[in-house]
Amino acid sequence: MWIGVDDTDSRTGGCTTFVAFQLVHRLISTGFSVIGYPRLVRLNPNIPWKTRGNGAVAIQVSKGVTSDIQIGLNKDTKLMIGKTLDHMTGDVDTVREIVCSLIEEYASFDDDNTNPGIVISNKLLPPHLYQNAIQKIVTIRDVVEELDGLDVWYKGYKNQRGLIGASAALSWNDTMDKTFEIIYYRDKNRWGTKRMIDTRSVLTMDERCPSTFDNYDRENHHLSIAPNSPCPVLFGIRGDHQEPLPACGSMIEAEPSQGWMIFVTNQATDDHLQRKKIESIEPYQSVITKGTVCKKPFTIPGGHVLFTLEDEKGKTIDCAAYEPTKQFRNAIRQLEKGDIVEVYGGVRKKPLTINIEKIAVHYLIDVAEKIENPLCPLCGKHMRSKGKGKGYHCKGCGTKEVNPIVRKKDRLLSLGFYEVPVCARRHLSKPLKRMDDS
Ligand code: ATP
């Protein structure tokens with residue numbers, strides 16, 4: 001039996017992964033088995049009403065035999081993975097009761113933006129529910145209609161929006177690309193206070209655990225394993241493989257935690273991106289699109305760097321490296337009119353702009369740069385400029401010339417990928433480190 005849950009938290013507290021952590025503990029202590037790793041499924045990162053990372057969770061539960069694989073720790077209780085998949089006739093009501101009472105205990109119902117959803121199903125749901133929820137804006141009505149036609153039990157609280165994420169989490173196919181995250185949770189009496197994490201221990205862990213990624217931004221001195229919100233998460237370490245994560249986590253010197261759990265996730269997979277021609281790009285999508293730089297990058301107040309991309313049909317779209325992308329903007333500033341690039345990023349509605357997550361430089365145009373004014377062919381002396389763009393003339397004999405003496409400019413960019421720094425990376429963006437591996 002599969003359980004999907006979403007939209008339990010608000011900006012002032014809570015976290016849907018913490019609800020999953022509690023749920024796993026409660027199910028196991030009631031005698032159920034959790035099969036496989038709980039899922040943390042990130043959805044469309046561009047939707048305006050997300051609390052933070054637009055994450056939903058799902059758990060597979062059964063009456064089975066416990067294996068010797070540990071997926072978590074709650075206080076002193078080890079959370080072990082279940083081994084077999086027995087039928088649970090008669091237990092469905094108990095599971096529903098456990099899930100609903102937990103959501104009702106933990107969800108921030110007072111917040112207008114918190115609209116929890118629970119979906120329970122005997123099998124995973126059709127893959128398009130996930131594809132739509134990660135790539136588009138989905139309506140609650142469409143999802144409810146679809147759930148009504150499936151053999152599932154569901155409960156949506158308030159405006160029921162959480163059903164979108166809950167069903168998408170049950171529709172993700174984790175046999176494709178996936179990663180893992182071990183998340184540690186704070187003691188309740190510390191929620192909302194400053195997190196105590198020793199940065200040096202994070203740097204050591206980062207060096208010693210090469211299959212983890214996005215732990216620390218060395219250029220910007222940013223600790224990326226810990227959130228800034230008042231949520232129950234102490235820190236999370238992401239990695240390509242689950243096995244090393246508990247050992248990596250134990251290397252972090254931090255305040256005591258109430259426990260940890262490992263999730264299998266679609267983070268760092270680029271699953272949100274779809275290849276699009278410029279003319280078919282729509283707001284709130286995340287796209288990969290290729291074109292020629294038709295307007296040299298320029299910086300606007302606030303430090304954001306913008307340029308315009310044009311395709312072979314002459315269709316254009318603006319692309320932006322916003323200020324939080326820090327040093328990445330220096331690479332973007334080096335682009336020249338005529339360069340051919342492929343831009344990866346989320347689409348902002350007004351004005352329609354791609355918020356660049358990474359860029360592949362495919363072709364660098366030769367750029368001529370002026371080294372000196374032209375020489376007069378008659379007098380052999382340097383000519384004088386007649387003003388910007390107006391050409392040159394010889395003071396002695398009046399001979400005119402349009403162009404200065406130029407040389408090929410050294411391009412500071414190379415062909416290949418450039419990505420935003422760790423401090424500006426989105427949950428779903430695949431780091432180049434992972435692209436090299438795959
Ligand atoms: P956290 O990461 O802390 O769990 P969050 O950023 O995931 O918070 P939620 O509180 O889950 O934010 O709110 C996101 C809401 O948007 C959920 O109700 C979810 O069902 C819904 N949602 C997710 N994807 C889409 C989509 N593609 N279209 C419309 N609604 C969506």
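Up top is the structure these notes are about.
Residues numbered from 1 in each chain as written. Predicted model: local features only at pLDDT ≥ 70, side-chain atom pairs only at ≥ 80, totals over all residues. Heavy atoms only, no water.

Trainee: Before we go on, may I ask you to explain the overall build of the protein in this structure?
Mentor: Along the backbone of the protein there are nine helices and 25 strands. For the protein, the C-alpha atoms occupy an extent of roughly 100 × 50 × 40 Å along the three principal directions. Classification of the 438 residues of the protein by burial places 51% in the buried group. Sequence-distant contacts, at least 24 apart, represent 71% of the contacts inside the protein between residues at least 6 apart. Accessible surface, the protein as shown: approximately 20600 Å² in total, 50% of it carbon and sulfur. Placing the 60 positive and 54 negative side-chain charges of the protein at their respective mean positions leaves the two points 9 Å apart. (Helix = DSSP H or I, 4+ residues; strand = E, 2+ residues; numbered from the N terminus. Buried < 20%, exposed > 50% of the residue type's maximum accessible area, 1.4 Å probe, protein only. Contact = heavy atoms within 4.5 Å. Areas by Shrake-Rupley, 256 points an atom, 1.4 Å probe, with all protein chains shown as cover. Lys, Arg positive; Asp, Glu negative; His and termini not counted. Charge placed at Lys NZ, Arg CZ, Asp CG, Glu CD.)

Trainee: Even after reading the chapter, I still don't get the packing of helix H4 (residues 140–148) against helix H5 (residues 162–169), so can you show me in this structure?
Mentor: Helix-helix packing is characterised by the crossing angle of the two axes and by the distance between the axes. As a packed pair, H4 and H5 sit with axes 9 Å apart at the nearest point and diverge in direction by 50°. By the criterion of interaxial angle, the relationship of H4 to H5 is oblique. Where H4 crosses over H5, the handedness of that crossing is left-handed. Residue-level inspection shows Ile 140, Val 143, Val 144 and Leu 147 of H4 in contact with H5, the latter providing Leu 163, Ile 164 and Ser 167. Broken down by class, the residue content of the contact of H4 with H5 amounts to six nonpolar, one polar and no charged. (Axes fitted to C-alpha atoms, helices over the stretch in contact; angles between N-to-C directions. Parallel < 35°, antiparallel > 145°, perpendicular 65-115°, else oblique. Left-handed = near helix turned anticlockwise from the far one by under 90°. Nonpolar A, V, L, I, M, F, W, Y, C, P; charged D, E, K, R; others polar.)

Trainee: For this particular structure, what's the right way to read the site of the ligand?
Mentor: Contacts to the ligand come from 23 residues, most closely from Asp 7, Asp 9, Arg 52, Asn 54 and Gly 55. In the environment of the ligand, an oxygen atom lies 2.9 Å from a nitrogen or oxygen atom belonging to the backbone of Gly 165. Burial of the ligand by the protein chains amounts to 98% of its free accessible area of 640 Å². (Near = heavy atom within 4 Å. Polar contact = N/O pair within 3.5 Å; in protein donor to acceptor, adjacent residues only side chain to side chain.)

Trainee: Would you take a moment to explain the sheet that holds strand E22 (residues 392–393) for this structure?
Mentor: Whenever strands of a sheet pair, they do so through backbone hydrogen bonds, lying parallel or antiparallel. Across the sheet, which stays open at both edges, the three strands sit in the order E21-E22-E23 with antiparallel pairing between neighbours. The outermost strands of the open sheet, each flanked by one partner alone, are strand E21 (384–385) and strand E23 (400–401). Two strands pair when backbone bridges link them, and E21 and E22 are joined in this way by two bridges, in the antiparallel orientation. From the neighbouring strand, Arg 384 faces E22, where its bridge partner is His 393. (Pairing = 2+ DSSP bridges.)

Trainee: It is not clear to me how the pairing of strand E15 (residues 286–300) should be interpreted in this structure. Could you clarify?
Mentor: The side chains of a regular strand alternate, residue by residue, between the two faces of the sheet. Both strand E14 (residues 273–275) and E15 contribute to a ladder of three bridges, which runs parallel. Looking at the pairing, Gln 274 lines up with Val 287 of E15. Here E15 runs beside strand E18 (residues 340–348); their pairing, made up of seven bridges, is antiparallel. Counted as the bridge partner of Thr 292 is Ile 340 from E18. Across six bridges, the pairing between E15 and strand E16 (residues 304–310) is antiparallel. Residue pairing across strands places Thr 292 opposite Glu 310, the latter belonging to E16. The hairpin formed by E15 and E16 contains three residues between the paired strands, and Gly 302 there has a positive phi angle of roughly 100°.

Trainee: What am I meant to see in the nonpolar core here?
Mentor: Note on soluble globular proteins: their nonpolar side chains tend to be buried together. Formed by 80 residues in total, the largest nonpolar core has its most connected members in Ile 3, Val 95 and Ile 237. Filtering out sequence-adjacent residues up to four positions away, Ile 3 remains in contact with Leu 23, Leu 27, Val 57, Ala 58, Ile 59, Val 61, Val 95, Val 99, Ile 118, Val 119, Ile 120 and Leu 170. Counting 24 residues, the second-largest nonpolar core is a separate cluster that includes Cys 319, Leu 335, Val 347 and Ile 359. (Core = buried A, V, L, I, M, F, W, Y, C linked by side-chain atoms within 4.5 Å.)

Trainee: Honestly, the state of the cysteines in this entry has me stumped. Any pointers?
Mentor: By definition, a disulfide links two cysteine residues through a covalent bond between their sulfur atoms. Following the criterion strictly, the structure yields zero disulfides and no others. Cysteine Cys 319 shares no disulfide, and the gap to the nearest cysteine sulfur, in Cys 294, comes to 9.2 Å. Judged by relative accessible area, Cys 319 falls into the buried class, the value being 0%. (Disulfide = S-S within 2.5 Å.)

Trainee: Would you mind showing me how to read helix H1 (residues 16–29) here?
Mentor: Residues three or four positions apart in an α-helix share a direction because the helix packs 3.6 residues into each turn. The end-to-end C-alpha distance of H1, which contains 14 residues, comes to 20 Å, matching closely the 20 Å that a straight helix rising 1.5 Å per residue would cover. Along H1, ten of the 14 residues are buried, which leaves the element largely enclosed by surrounding structure. Along H1, the residues that are buried comprise Thr 16, Thr 17, Phe 18, Val 19, Ala 20, Phe 21, Gln 22, Leu 23, Val 24 and Leu 27. Downstream of H1 by a residue or two, Gly 31 has a phi angle that is positive, lying close to 105°. (Expected span 1.5 Å × (residues − 1).)

Trainee: I'm lost on the side chain of Asp 91 in this one. Help?
Mentor: Structurally, the position occupied by Asp 91 is in the loop between strand E5 (77–82) and helix H2 (92–106). In this structure Asp 91 is buried but unpaired, with Lys 63 as the nearest side chain of opposite charge at 4.3 Å. Setting aside residues up to four positions removed in sequence, Asp 91 forms contacts with Phe 32 and Lys 63. (Salt bridge = Lys/Arg side-chain N within 4 Å of Asp/Glu carboxyl O.)

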